[in-house]
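# Close look at the chain arrangement
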Amino acid sequence: ARLAGETLKNYKRILDTIPTEKDRKAFIKRAEKDLEDRFGEEIKDLSFSQGRILIKLIYRETGNSTYDIVKELRGSFSAFIWQTLARIFGYNLKIEYDPDGSDQAIEQIVLMIEAGAL
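What comes next concerns the included structure. (Residues numbered from 1 in each chain as written. Predicted model: local features only at pLDDT ≥ 70, side-chain atom pairs only at ≥ 80, totals over all residues. Heavy atoms only, no water.)

A few words now on the overall build of the protein. From N to C terminus, the protein includes six helices and zero strands. Counting only C-alpha atoms and orienting by the principal axes, one finds that the protein spans roughly 45 × 35 × 25 Å. Going through the 118 residues of the protein one by one, you find that 30% of them count as buried. Of all intrachain contacts in the protein linking residues separated by at least 6 positions in sequence, the fraction that spans at least 24 positions is 59%. With the model as given, the accessible surface of the protein reaches about 8,100 Å², and the carbon-plus-sulfur share is 56%. Both charge centroids of the protein, one from 19 positive and one from 20 negative side chains, sit 6 Å from each other. (Helix = DSSP H or I, 4+ residues; strand = E, 2+ residues; numbered from the N terminus. Buried < 20%, exposed > 50% of the residue type's maximum accessible area, 1.4 Å probe, protein only. Contact = heavy atoms within 4.5 Å. Areas by Shrake-Rupley, 256 points an atom, 1.4 Å probe, with all protein chains shown as cover. Lys, Arg positive; Asp, Glu negative; His and termini not counted. Charge placed at Lys NZ, Arg CZ, Asp CG, Glu CD.)

Structure below.
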């Protein structure tokens, strides 16, 4: 999730410098291919629970839901389609990360990993 968050931030910085919509779309296509090549197999092997945690950790790293990221990069219609598909399989791309509430256990584990305790 951390690597994905850093990668997305880099992509956004680059996108902000691309002047034309055609060039932006071409860059996004290349970026999607790069992400698929780098993370595709790992994501396919995740369990249901691991997928749900990944969605929350992406929110933690970026400050945006995965739905918002797709909407920003691919548009509202694509975000709607992906959210609908995710809901069919029991996921919610709009879910937020709540480190003080329902995600306290995840936050504690992340903090322990960051501190080198795990």
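Compared with the 21 Å implied by 1.5 Å per residue over 15 residues, the 21 Å span of helix α3 (residues 48–62) between its first and last C-alpha is a close match. Within α3 the residues assigned to the buried category are G51, I55, K56, L57, I58, Y59, E61 and T62. Residues of α3 that are buried make contact with α1 (2–15), α4 (66–74) and α6 (104–115). Looking at the residues trailing α3, positive phi occurs at G63, about 80 degrees. (Expected span 1.5 Å × (residues − 1).)

None of this, on its own, says anything about what the molecule does.
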